[in-house]
Amino acid sequence: MSIGVVIPCYNEGDVIESTLKAIKDTGIFDNIVVIDDGSGDDTFEKSSGMDVKCIRLKKNSGKGNAVRMGLKSINTDIIVLIDGDVGNTAGEISKVIKPVASGQADVAIASFPKTNKKGGFGLVKGLTRWGLKMLTGQVIGSALSGQRAYKREVLNNLWVPDGYGMEFAMTAETLKMGYAIAEVEVNMTHKVTGRSFKDFIHRGRQFKDILKTIILEAAR
């Protein structure tokens, strides 16, 4: 059984090397593909020095486009998605792969531990829970997590949209098609938004994109 990983990145030069080292240290991946989504820093240069396949997009087009490009470049039995900012905790993804590799689930999603950092007010998470319940009758607590493992056959049938609604859409599509999802607790960390003006703008865009995705999913 072959396993590949797609790592979409945007300005992750400060952490991408530690992410890739942790992924490589697991020894379980047959293919590792980094998609540099038009970064303005040295993400591509640092990734290229880690002996992995790197694809550099000329301009920043969003995570959904980066993931789609990565999926075109990989053809393994299990495909893993990992964000570039998880650093030396990336090795925890091996826990997420297990239920898919063993046949216990078609898809597995990493469930992160709670952080002590104050974030938003739960509007995005509330919208996500409501949207999934309305569309599928189910709720997945980690629906917005970017750390996932898929059977290839599932990804072949999924809609991967642009914008911050990508993970929501992929989760909803998986449930609507009747595939089994396992949520796996991991000791991963990543960059977390706080309560700065920039952070609230980010969450506002995320809320808007997820709401748009819910409307589009309801019409599919």
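Here, the structure is the one placed above.
Here goes a summary of the coordinates provided. (Residues numbered from 1 in each chain as written. Predicted model: local features only at pLDDT ≥ 70, side-chain atom pairs only at ≥ 80, totals over all residues. Heavy atoms only, no water.)

What to know about the sheet that holds strand β6 (residues 148-151)
At step 1: Taken in spatial order, the 7 strands make up an open sheet running β3-β2-β1-β4-β6-β5-β7, and their pairing is mixed. Either end of the sheet is taken by a strand with one partner, and the two such strands are β3 (53-57) and β7 (181-185). Here the strands of the sheet are splayed against their neighbours by 20 degrees on average, with no regard to which way each runs.
At step 2: Packing against the sheet, helix α1 (residues 16-25) makes contact with β1 (3-9) and β2 (31-37), and its axis sits at approximately 175 degrees to β1.
At step 3: Seen against the sheet, helix α4 (residues 93-101) touches β1, β4 (78-81), β5 (107-111), β6 and β7 and runs at an angle of roughly 25 degrees to β6. (Pairing = 2+ DSSP bridges. Helix = DSSP H or I, 4+ residues; strand = E, 2+ residues; numbered from the N terminus. Axes fitted to C-alpha atoms, helices over the stretch in contact; angles between N-to-C directions. Contact = heavy atoms within 4.5 Å.)

A word on the pairing of β2
At step 1: Of all 7 residues that make up β2, 6 are buried, and the element is covered over most of its length.
At step 2: Bridging between β1 and β2 involves 6 bridges; their strand directions are parallel. When the bridges of β2 are listed, C9 appears paired with D36.
At step 3: Each parallel crossover has a hand, and for β1 linked through α1 to β2 it is right-handed.
At step 4: Relative to β3, β2 runs parallel, the two being bridged by 5 bridges. Across the sheet, I35 pairs through a bridge with I55, a residue of β3.
At step 5: For the segment spanning β2, helix α2 (residues 43-48) and β3, crossover handedness is right-handed. (Buried < 20%, exposed > 50% of the residue type's maximum accessible area, 1.4 Å probe, protein only. Right-handed = clockwise from strand over helix to strand, strands pointing away.)

Read these as layout, nothing more, since geometry by itself doesn't imply function.
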